[in-house]
Amino acid sequence: MNAIESEEKVAAAATPLVGEPAPAVAPSEDPAPVSSATLNRAVRESQLEVNVGIHRLLGILVTGGVLYTGYFAREVILPILLAAFFSLLLSPLMKRLSSRWLPRWIAALLLIAVSMATLAGIGNILYSPAAEWVGRAPQVVRSVTPKLKSLMRPINEASKVGESISAITADPAKATQRVVVQAPDRPSLLATTPRLLASALAVVLLTYFFLIYGDSLLRRTLMLRATWQQKRLTVDIVRSIQNDISRYFLTVCSTSLALGAATTILLWALGVDTPLLWGALAALLNLTPYVGPIAMAAMLSLVGLSQFPTLGAAFLPAAGYLGLHLLESQLATPLALGSTINLNPLGIILWLMIWGWMWGILGLLLAVPMLVCFKVICSRVEGLHHWAVMLEK
């Protein structure tokens, strides 16, 4: 009996009375299970991050591979690029000639013959004054050296003061060290002439075949594209590159010729010897932004120092050329090109540094056309629009 009564008392104590609140149940220490949708979203985000990292790594590797290949295979790549750009420059004339019942091979041959005859005529006119200036180069250097020394006297004095201070504070044990710099061997003219002739012939032949088979190559490229949208995008990119490059070349060549003519007239009025030669160099160097005008101003400064007795008259040809160049670069060329080819000056300078280091003078001449092509491709291809925005002003 006592055991039964004790069990009844325990049950009564465990059962809550009517009107009394139920005892609070301690919460479970295990967290709520994560839903499948949240887990799938987290997996997708992690996969996207991994894909973005892989794409960036592949982009870096592809860029490094292109630069490596371009540096070591420049003798093969440069003729192809030159021929491609020459064919783009001549493509509007090619279309007009071939549309008038003229066979494409005759039209291409006619264009190349006229172009080569024009270049040969210009070279024949400029050969005599250029050879004269090359022969006078040692005399010009001797006449310019005293004037340059007078201009550099303050800098030389400052450098002498710095050298004396460094000599006082230098360690005597290290003062006896000498550094001998050996000039690298230069290739001879006889060794480089056949390679230059072979490269020039390759450019001419490739330009001829690009003009003839360019449209056929485009059609065969379109056959490899899978969908209609991809074919339309390819045609859009190719046509945009053709139009923009042709417009850029024609505009820059026209403004460069105008600048060369104005420079010739200015130098003739100032009494500079062989003004036609310097006008032609001004037109040629104007094809390379920033670098070409700086080099031209430096050459005109040396010519003025060698020909005029006073410093004011000596620097007048360079100052007049820079004024004409500012009018051309800030007024004439932007009005002619408009907003279709709107490039960032910082991007142009960096691009010139890269390709000038890799390919020299030809790299400087081809840098801006390649940058125009790169911008056109980036503006048309999905995922590369941010590069096109960065290249704009």
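Cut-offs and rules
- Residues numbered from 1 in each chain as written.
- Predicted model: local features only at pLDDT ≥ 70, side-chain atom pairs only at ≥ 80, totals over all residues.
- Heavy atoms only, no water.
- Helix = DSSP H or I, 4+ residues; strand = E, 2+ residues; numbered from the N terminus.
- Buried < 20%, exposed > 50% of the residue type's maximum accessible area, 1.4 Å probe, protein only.
- Contact = heavy atoms within 4.5 Å.
- Areas by Shrake-Rupley, 256 points an atom, 1.4 Å probe, with all protein chains shown as cover.
- Axes fitted to C-alpha atoms, helices over the stretch in contact; angles between N-to-C directions.
- Parallel < 35°, antiparallel > 145°, perpendicular 65-115°, else oblique.
- Nonpolar A, V, L, I, M, F, W, Y, C, P; charged D, E, K, R; others polar.
- Phe/Tyr/Trp six-rings, centres within 6.5 Å; stacked < 30°, edge-to-face > 60°.
- pLDDT = per-residue confidence, 0-100.
- Expected span 1.5 Å × (residues − 1).
- Bend = angle between axes of the 7 residues up to and from the residue.
- Core = buried A, V, L, I, M, F, W, Y, C linked by side-chain atoms within 4.5 Å.
- Left-handed = near helix turned anticlockwise from the far one by under 90°.
- Patch = residues over 30% accessible without salt bridge, like charges linked within 9 Å, V, L, I, M, F, W, Y side chains within 5 Å.
- Salt bridge = Lys/Arg side-chain N within 4 Å of Asp/Glu carboxyl O.

Chemist: Can you tell me about the overall build of the chain, naming the residues and giving the values?
Modeler: Along the backbone of the chain there are 14 helices and zero strands. Burial statistics for the chain: of 393 residues in total, 25% are counted as buried. Counting only contacts in the chain whose residues sit at least 6 apart along the sequence, the fraction spanning at least 24 positions is 71%. Within the structure as shown, the chain displays about 27,200 Å² of accessible surface, and the carbon and sulfur contribution to it stands at 69%.

Chemist: Would you mind going over unusual backbone geometry in detail, with residue names and values included?
Modeler: We note that Thr 274 has phi near 45°; this positive angle belongs to a residue other than glycine. Considering the arrangement of structural elements, one finds Thr 274 in the loop between helix H8 (228–270) and helix H9 (275–285). A residue is classified by how much of its surface remains accessible, and Thr 274, at 22% relative accessible area, is partly exposed. Of note, Tyr 290 is a non-glycine position whose phi angle comes to about 65°, a positive value. When you line up the elements, Tyr 290 lands in the loop between H9 and helix H10 (291–307).

Chemist: Explain the packing of helix H4 (residues 104–135) against H9 residue by residue, including any values.
Modeler: For any two helices packed against each other, the geometry is given by the interaxial angle and the distance between the axes. For the pair H4 and H9, interaxial distance at closest approach is 9 Å and the crossing angle is 105°. With respect to H9, the axis of H4 lies roughly perpendicular. Here Ile 125, Leu 126, Pro 129, Ala 130 and Trp 133 of H4 lie close against H9, whose contacting residues are Leu 276, Leu 277, Trp 278 and Ala 280. For the contact of H4 with H9, a count of residues per class yields nine nonpolar, no polar and no charged.

Chemist: Please set out the packing of aromatic side chains residue by residue, giving values where relevant.
Modeler: Aromatic rings considered in pairs are described by the distance between their centres and by the relative angle of their planes. Evaluated as defined, the whole model comprises 11 aromatic pairs. With centroids separated by 5.2 Å and ring planes inclined at 70°, the aromatic side chains of Trp 133 and Trp 278 adopt a geometry described as edge-to-face. One end of the pair, Trp 133, is in helix H4; the other, Trp 278, is in helix H9, and 145 residues separate them in sequence. Accessibility classification places Trp 133 together with Trp 278 in one group, the buried group. With a centroid separation of 6.2 Å and 15° between ring planes, the pair formed by Phe 209 and Tyr 213 is classed as stacked. Here the residue Phe 209 and the residue Tyr 213 both occupy positions in helix H7 (residues 189–224), the gap between them amounting to four residues, near one helical turn. Among the aromatic side chains, those forming a connected cluster through ring pairs are Tyr 68, Tyr 71, Phe 72 and Trp 357.

Chemist: Provide a residue-level description of the confidence of the model for the chain, including the pertinent values.
Modeler: Taken over all residues, the pLDDT of the chain has a mean of 76, while the share at 70 or more is 77%. H9 holds the highest mean pLDDT among the elements of the chain, 90, whereas helix H1 (residues 2–14) holds the lowest, 48. Per-residue pLDDT stays below 50 along residues 10–15; that stretch engages in zero contacts with residues further than four places along the chain or on separate chains. Per-residue pLDDT stays below 50 along residues 24–32; that stretch engages in zero contacts with residues further than four places along the chain or on separate chains.

Chemist: Tell me about helix H12 (residues 316–337), and please be specific about residues and values.
Modeler: In this model H12 runs 30 Å from its N-terminal to its C-terminal C-alpha over 22 residues, within 8% of the 32 Å that 1.5 Å per residue would give. Along H12, the sharpest kink reaches roughly 35°, centred on Glu 328. Every buried residue belonging to H12 is among Pro 317, Ala 318, Tyr 321, His 325, Glu 328, Thr 333 and Leu 337, and all of these are buried. On its buried face, H12 sits against H8, H9, H10 and helix H11 (311–314).

Chemist: Can you break down the nonpolar core residue by residue, with the values?
Modeler: Ranked by internal contacts, the top residues of the largest apolar core, which has 30 residues, are Phe 85, Ile 241, Ile 245, Trp 355, Trp 359, Leu 366 and Met 370. Of all the elements in the fold, those that place two or more residues in this core are helix H3 (74–98), H8 and helix H13 (345–380). The dominant element in this core, judged by the number of residues it contributes, is H13, at 15 residues. Ignoring anything within four residues of it in the chain, the contact list for Phe 85 reads Ile 245, Phe 249, Leu 366, Pro 369, Met 370 and Cys 373. Grouped together as the second largest cluster of nonpolar side chains are 19 residues, Leu 126, Trp 133, Leu 277 and Leu 305 included.

Chemist: Now, about the packing of H8 against H12: what can you tell me, with residues and values included?
Modeler: Direction vectors running N to C along H8 and H12 enclose 155°, while the axes themselves pass 10 Å from each other. Relative to H12, H8 is oriented roughly antiparallel. Read as a crossing pair, H8 and H12 show a hand that is right-handed. On H12, the residues that touch Arg 247, Tyr 248, Thr 251, Thr 255, Leu 259, Ala 262, Thr 263, Leu 266, Leu 267 and Leu 270 of H8 are Leu 316, Pro 317, Gly 320, Tyr 321, Leu 324, His 325, Glu 328, Ala 332, Thr 333, Ala 336 and Leu 337.

Chemist: Run through the environment of Leu 316, naming residues and quoting values.
Modeler: As for its position among the elements, Leu 316 is in helix H12. C-alpha separation for the pair Leu 316 and Leu 267, spaced 49 residues apart in sequence, amounts to 9.5 Å.

Chemist: How would you summarise a nonpolar patch on the surface if you had to cite specific residues and measurements?
Modeler: On the surface, Tyr 290, Val 291, Leu 346, Ile 349, Leu 350 and Met 353 cluster together into a nonpolar patch covering about 560 Å² of accessible area. It is H13 that contributes the most residues to the nonpolar patch, four residues altogether. With respect to the secondary-structure elements, Met 353 resides in helix H13.

Chemist: Break down the side chain of Thr 251 for me, with residues and values.
Modeler: Position of Thr 251 relative to the elements: it lies in helix H8. Excluding residues within four positions of it along the chain, Thr 251 makes contact with Ala 336 and Leu 337.

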